[in-house]
Amino acid sequence: MTSITRRALALVALGLASLPAACGKGDPAGKGGGASGAGGATTFVYARGKESPTLDPAEATDGESALVLVNVYDTLVRFKYGSSAVEPALAVAWEAAADRLSMTFTLRDGVRFHDGSPLDAAAVAVNFERQRDLKHKFHFTEPGMPPERYPYWGDMFGFVARTTAVDVRTVRFEFSEPMPPFFLSLLAMFTNSIVSPKALEQGAAYVKRHPVGTGAFVWGGRENEEITLTANPSWWGGKPAIDRLVFVVVPELKNAYARLESGQVDGVDNLASKDVPRAKANPKVKVHEVATGLSVCYLAMNNDRKPFDDVRVRQAVALAVDKPRLAAIAYEGLATPIATLVPPGVEGHAGLPDRARDVKEARRLLEEAKAVGTKVTLRYMGNPRPYAPDPGAIAAQLRDDLRDAGLEVELRKDEWASHLQALQNGDHELGILGWTPDVPDPDNYLYVLLDKEGAVPPANNVSFYRSEKFHALVAAARRSYDAGERRRLYADAQKVAFDDAPMVPLVAMPRVAATSAAVEGFVLDPVSSPRFAWTSKPAKAK
Amino acid sequence: MKAARAWRRLRRDPLFWIGGTLVLLVLLMAALAGPLSSHAPDRRVTLEGERAPVAPNERYLLGTDENGYDVWSRLLHGARASLLTGLCAVGLALFVGVPLGAVAGWRGGLADGLLMRATDVMLAFPSVLLAIAIAAAAGRGSVWTLVLAVGVVQVPLFMRQVRASVMAARHEDWVTACRATGLSATRTLMRHVLPNCLAPILVLATLGVGSAILSAAGLSWLGLGPPATEPEWGRMLEEGAKYMREKEQWILVPPGLAIAATVLGFNLLGDALRAALDPRVTR
Amino acid sequence: MSVALGYVGKRALVAVPLLLVVSLACFALTPLLPDPSVARLGQHATKENVAAFRARKGLDDPFLVRWGRFVRDAATLEFGEDIVRDDGSTVGEGIRARFPATFELALAAMLIAVVLGLVAGALGAVFPRRLADAVAQVFALVGASVPVFWLGFMASLLFAVKLEWLPHPDWSLRVIAPDAGPGDYATRFLLLESLARFDLGAVGRALAHLALPALVLSTIPLAVVTRMTRATMLEELGRDYVRTARAKGAPETRVVTRHALRNALIPIVTVTGLQTGALLGGAVLTETVFAWPGLGRYVAEAVRSGNGPVVVAGVFTFAATFVVVNLLVDVAYVLADPRLRRGAR
């Protein structure tokens, strides 16, 4: 990200500005029924594994919530469809001050929330202020109770000092320190969705259950775990081709995929790696992959605990793990083995050659460290994650790999929430975990997962790696606006981490989804959850 | 005498022989799991270059699952886990249920009323749900979690059976005779009454092993049992049933059949015992 | 009639204390389950946070107070606020939304089991020790021995994936009654309401989606119903009135169906009522296999996600259903057979 002052290109606005023409026909939004009765109306059913815990963008952190949010809400800027580049959305132009201590956004004209109220600078400012200011009347967390801070704001937006409405169309952000080079990408995250102030007035419970935004789809309602959205006929981006978008929950991937094959759903949010070859061979099904895998899976070693406080043991573990085999078998060849946490395809990835598996050398190192035959526990999660479609298989492989080198590994499985909690509290020796970045920047991998500042329980740095050398490099890169320098600093940091081997980066996992072959215009975003504004599906013949 | 008569009846019952054979087979599988299995049951055994799951061949009698674990060896060792769970769960239920049932039946009155209402309430719970709650509360999944969950659920069944038998015996002449000779109540109960209730307990226990194995497999399948690498039939099914596939049946069919055959064996055996021990039941 | 009504009233009155005791037993599960404040507050919570939260939500009140609250909340079917979700919804909302799906599944399974069990058991009693008898008995026993989750998986593999005869069960209004207007099917009993509306298309779709899970679940009570039918029928067929009927020259089918079967029905119905417990338990597994949006799966998921209050309320709903079903069974056969109104039990 070299240039930080950007003007929106008229070109982008062109495609999106020709909107009000399209909204004359179509059934009125908000009606749940009548999909087949209304003649040409199309319903798109998308299967996912879990329901959305919350629909308040400020407090959401998970993909299931994001899936609904990105379709109901807009952000000031958004990720270009199918890419991680940023383009104008509710803001059409922006400019940063030379000292990078403030930034001004100009809003799009004539945008209205689903409840009819207009989108103006005050509405935008409220959405940021309510996240920043713990005392704000729309800061819906309980004082003194965790999470007191909204999680994303607390982690990533500490530098935002104030957001103000300069005039009806202009919003200004003021920063307490120079803004990071990836600020625009942060603004495109679902957590910065612009919620209707009228909805916020209704209180926390209402916002959690009834998203009211400006986006392509309007909240239609929820029946058990099934969420219905309807097309917003007056969306500034043009009325979506799908009239009704239904998110259903099918807890197991195999069941979801079977329903896709039988035509009972139009798309599945996640595909078991072992179903992929079969899906690719089926002419009725289309498999969608993101070319670069941003989610990474790693084997965390607790550097605070014996025997992993010894670098030789950690290196031995790194040598013993057979990543190509893991990628081929546990991931069915979908994932790419990685040598460093920053996956290939992300700007700043250091092309380090990985260690080749060498059981003899690993054993020698373990003998040197007097750790042969040590009993250790490998903790893994019971639920599939985007980066670990089959955690049991990964754990089993790792266990067998490490046994070959001479470590006695026992497995322990926990449900996701308690697994994460255990690792974050350092209650583990070995643990499988992964990361899906919020923004595709090396900082979001290296600082978050390996910096010493993150090694305090509840830690994101679950390896509890505390290297001063590494910290100096990553901190310097955070402050740098020079692309070349940043790349160099990150390359050095990755080399340091590679040699210290605080964890073993295993694989990078691309997102995989599938739709029926007749669906058009469905593209998986590398960062954002699937958006359906540009997806269409032929109306059923019968 | 009674035993001899029962045996004569049993001998003529084909269902006894079928059930007995099935149970014997499972016992043999469990006992000879070591020598009979071709590979280690709890680790990857596929060779470099072999792509798991491997179809059955001369190296892997029943193929391997997708972790590269040998299905045949896991099946054999799984028999151990299943029998262990079933027998221990019933043992637990006996250990708790028999004394409580005996007290209720022997004492009668308030103790009886309270205990029986307690069983009423326990029986009003869907046993699987109760077992799920117990297993979840017991925390870390292992075979013993399953034993606890499944065993507790069976306690009220034994309480009721023992109570009924003890009650029936309490008023019989020979019990009165025992008491009249000055034998203490406890002694009469332990030495004379309980041994006479053995037949129905035996029947219930046999049937109980079957249903314990079935419930344990269900819990294990829900992910509340031992970790994935342990050879356990319910677990093997969970691992195997991750994908809707028509091929690769060798992963799914053997453990399912093994559970069904084992449970059927115990059920048949229990039925046959009941028919043989209780002359009122006609077959 | 008034005698009958009096009996019904008496039975219902007995059920009330039983339900209270059941609620006590359910509520006693609470300390066994994970602390809901942990699920609510997440990994960042300190001990003080948890303590403050528990105090505010009354989780540390004396047991009897909390139980009293539970009984009060259960009586309104709201079961109190869902403190884990914390979005203003009540526990009861989730329970009530999912109960109909489980109820209809269990009802269908029970009907299948009773019909098949009666036929198989009667056949076995009429032709004892013959091939039909052996086949019927072994078949029922095999059904009871096969794990439902495995059977369910294999059945969907065969009928939904390979043969494509039946859909993968998808029990939602969108699928069963896509043309429903607002307010239609508000009861959520999709099959019963579509029958009541005489919406044949919806009935057909409901049956198609219900078929696989109901058949699989019916294997649980099938063996017991079959065995019970056979045993009581054997007994009845040996009685004098049957001999009399035969001697009078009544056709054998008439003797079996009109006389013996009718008299055998009472113990069969009793056993059927008692099997509801096993059936509802089996529903947990069946619902999980078929992704059925029922109460069993909801409770099983609540166990995993640590939502204790939902678990307690769900288990209570199941147990209360069991109690009520058995009450209805009692009442039904007393109404059907006046002889039973007098005497003990």
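About the thresholds
Residues numbered from 1 in each chain as written. Chains lettered and ligands numbered in written order. Predicted model: local features only at pLDDT ≥ 70, side-chain atom pairs only at ≥ 80, totals over all residues. Heavy atoms only, no water. Helix = DSSP H or I, 4+ residues; strand = E, 2+ residues; numbered from the N terminus. Rg over C-alpha atoms; globule rule 2.2 N^0.38 Å. Buried < 20%, exposed > 50% of the residue type's maximum accessible area, 1.4 Å probe, protein only. Contact = heavy atoms within 4.5 Å. Areas by Shrake-Rupley, 256 points an atom, 1.4 Å probe, with all protein chains shown as cover. Lys, Arg positive; Asp, Glu negative; His and termini not counted. Charge placed at Lys NZ, Arg CZ, Asp CG, Glu CD. pLDDT = per-residue confidence, 0-100. Domains from an automatic or database assignment. Buried area = accessible area lost by both parts, 1.4 Å probe. Pairing = 2+ DSSP bridges. Axes fitted to C-alpha atoms, helices over the stretch in contact; angles between N-to-C directions. 1 Å grid on protein atoms, 1.4 Å probe; cavity = no way out; pocket = protein on both sides within 12 Å on 5 of 7 lines; lining within 4 Å. Points joined across faces, edges and corners; volume = space filled by probe spheres on them. Nonpolar A, V, L, I, M, F, W, Y, C, P; charged D, E, K, R; others polar. Salt bridge = Lys/Arg side-chain N within 4 Å of Asp/Glu carboxyl O. Polar contact = N/O pair within 3.5 Å; in protein donor to acceptor, adjacent residues only side chain to side chain. Left-handed = near helix turned anticlockwise from the far one by under 90°. Parallel < 35°, antiparallel > 145°, perpendicular 65-115°, else oblique.

A. Just the overall build of chain A, in detail. Regarding its fold elements, chain A presents 17 helices and 19 strands. Compactness check: chain A gives a C-alpha radius of gyration of 24 Å against a globular reference of 24 Å for 542 residues, within 12% of the reference. For the C-alpha atoms alone, the extent of chain A along its principal axes is close to 75 × 60 × 45 Å. Classification of the 542 residues of chain A by burial places 60% in the buried group. Residue pairs at least 24 apart in sequence account for 69% of intrachain contacts in chain A once pairs closer than 6 positions are excluded. Of the roughly 19,800 Å² of accessible surface on chain A, a fraction of 52% belongs to carbon and sulfur atoms. Here chain A holds 65 positive side-chain charges and 66 negative ones, and the gap between their average locations is 2 Å.

B. View of the confidence of the model for chain C. Residues and elements named next belong to chain C. Averaged over all residues, the pLDDT of chain C is 84; the fraction at 70 or higher stands at 95%. The spread of mean pLDDT over the elements of chain C runs between helix 2 (residues 36–41), the lowest at 77, and helix 5 (residues 91–126), the highest at 91. The ipTM, which scores confidence in the relative placement of chains, is 0.88 for this predicted complex, and the corresponding pTM is 0.85.

C. The arrangement of the domain arrangement of chain A in detail. Residue and element names in this part refer to chain A. According to the domain assignment, chain A consists of domain 1 (6–247) and domain 2 (293–510). In this structure, domain 1 and domain 2 have C-alpha centres spaced 34 Å apart. Every contact between the two is made by 12 residues of domain 1 and, on the other side, 10 residues of domain 2. When domain 1 packs against domain 2, close to 950 Å² is buried across both sides, 63% of that on carbon and sulfur atoms.

D. Region of the structure containing the sheet that holds strand 6 (residues 160–167) of chain A. All names here are of chain A. Across the sheet, which stays open at both edges, the 4 strands sit in the order 4-5-7-6 with antiparallel pairing between neighbours. Two strands close off the open sheet at either side, each with one partner strand: strand 4 (91–96) and strand 6. On average, each strand axis in the sheet is tilted by 20 degrees relative to the strand beside it, whichever way the strands run. The pairing of strand 5 (residues 102–107) with strand 7 (residues 170–175) spans 5 bridges and is classified as antiparallel. When the sheet's bridge partners are listed, F105 is paired in strand 7 with V171. Sheet contacts for helix 3 (residues 121–132): strand 5, strand 6 and strand 7; angle to strand 6, the most-contacted strand, approximately 165 degrees.

E. Empty space enclosed by the protein, seen in detail. Summed over the entire model, instances satisfying the criterion amount to 8 cavities of 30 Å³ or more. Computed from the structure, the largest cavity encloses a volume of approximately 320 Å³. For the largest cavity, the lining is made up of 22 residues, of which E226 of chain A together with D170, W171, S172 and P293 of chain C are closest to its centre. The set of elements that each furnish at least two residues to the lining of the largest cavity consists of strand 10 (244–249) of chain A together with helix 5 of chain C. Tallying contributions element by element places helix 5 of chain C first for the lining of the largest cavity, with 3 residues. Across the lining of the largest cavity, the residue classes break down as 13 nonpolar, 2 polar and 7 charged.

F. Broad picture of the sheet that holds strand 1 (residues 43–48) of chain A. All names here are of chain A. If you trace the 7 strands from one edge of the open sheet to the other, you get 8-9-10-1-11-19-12, paired in mixed fashion. Only two strands of the sheet have a single neighbouring strand rather than two, namely strand 8 (217–223) and strand 12 (285–289). Examined bridge by bridge, strand 9 (residues 226–231) and strand 10 share 4 bridges and lie antiparallel to one another. Of the residues in strand 10, the one forming a bridge with T228 is V246.

G. Local environment of the interface of chain C and chain B. In this assembly, 45 residues from chain C lie in contact with 39 residues from chain B. Taken together, chain C and chain B are joined by 1 salt bridge. Residue D271 of chain B pairs with R227 of chain C through a salt bridge whose shortest N-O separation is 3.2 Å. On the surface where chain C and chain B come into contact, there are 4 residue pairs in polar contact (both at pLDDT 80 or more). Within the residue set of the side of chain C that touches chain B, elements represented by two or more residues are helix 1 (2–27), helix 6 (131–145), helix 7 (148–162), helix 10 (200–237), helix 12 (252–290), helix 13 (295–305) and helix 14 (308–336) of chain C.

H. Quick look at the pairing of strand 4 of chain A. All names here are of chain A. The pairing of strand 4 with strand 5 spans 5 bridges and is antiparallel. Bridge pairing in strand 5 links A93 to T106. The hairpin formed by strand 4 and strand 5 contains 5 residues between the paired strands, and R100 there has a positive phi angle of roughly 60 degrees.

I. Region of the structure containing the packing of helix 4 (residues 71–107) of chain B against helix 7 (residues 143–170) of chain B. All names here are of chain B. Contact geometry for helix 4 and helix 7: axes closest at 5 Å, N-to-C directions at 35 degrees. Between helix 4 and helix 7 lies a crossing of right-handed hand. Along the lines of polarity and charge, the residues of the contact of helix 4 with helix 7 split into 26 nonpolar, 6 polar and 3 charged.

J. Representation of the interface of chain B and chain A within the structure. Every contact between the two is made by 22 residues of chain B and, on the other side, 26 residues of chain A. Taken together, the connections running from chain B to chain A amount to 0 salt bridges. Taken together, chain B and chain A are joined by 1 residue pair in polar contact (both at pLDDT 80 or more). Grouping the constituent residues of the side of chain B that touches chain A by class yields 7 nonpolar, 4 polar and 11 charged.

K. Region of interest: the packing of helix 7 of chain C against helix 12 of chain C. Residue and element names in this part refer to chain C. Orientation of helix 7 relative to helix 12, taken along the N-to-C sense of each, is 30 degrees, at an axis distance of 9 Å. Classified by the angle their axes make, helix 7 and helix 12 are roughly parallel. As helix 7 packs across helix 12, the resulting crossing turns out to be right-handed. From helix 7, V148, F149, G152, F153 and S156 reach across to helix 12, where they touch G282, L285, T286, V289 and F290. When its residues are assigned to classes, the contact of helix 7 with helix 12 shows 6 nonpolar, 4 polar and no charged.

L. Representation of the side chain of D441 of chain A in the model. All names here are of chain A. Its place among the elements puts D441 in the loop between strand 17 (430–435) and helix 15 (442–450). One polar contact links D441 to R486, side chain to side chain, over a distance of 3.1 Å. For D441, the residues in contact, after removing those within four places along its chain, are F182, V346, R486 and Y490.

M. Summary view of helix 11 (residues 233–240) of chain B. With 7 of its 8 residues buried, helix 11 of chain B lies for the most part within the structure. Inspection of helix 11 of chain B places W233, G234, R235, M236, L237, E239 and G240 of chain B among the buried residues, and these make up the whole buried set. Check the buried side of helix 11 of chain B and you find it contacts strand 16 (408–414) of chain A, helix 2 (14–31), helix 4, helix 10 (198–221) and helix 12 (249–277) of chain B together with helix 7 of chain C. Between the side-chain oxygen at the start of helix 11 of chain B and the backbone nitrogen of G234 of chain B there is a gap of 2.9 Å, and the oxygen is on E232 of chain B.

N. Spotlight on the domain arrangement of chain C. Residue and element names in this part refer to chain C. Once the domains are mapped, chain C shows domain 1 (1–84 + 310–345) and domain 2 (99–305). Placing a centre on the C-alpha atoms of domain 1 and another on those of domain 2 gives a separation of 27 Å. The interface of domain 1 with domain 2 comprises 16 residues on the first partner and 18 residues on the second. Both sides together, the interface formed by domain 1 and domain 2 hides about 1,400 Å², and carbon and sulfur atoms give 82% of it. Its largest share of buried area at the contact with domain 2, domain 1 owes to F318, F322 and Y333, together 37% of the area lost on that side. At the junction of domain 1 and domain 2, the tally comes to 0 salt bridges. At the junction of domain 1 and domain 2, the tally comes to 2 residue pairs in polar contact (both at pLDDT 80 or more). The dominant element in the side of domain 1 that touches domain 2, judged by the number of residues it contributes, is helix 14, at 12 residues.

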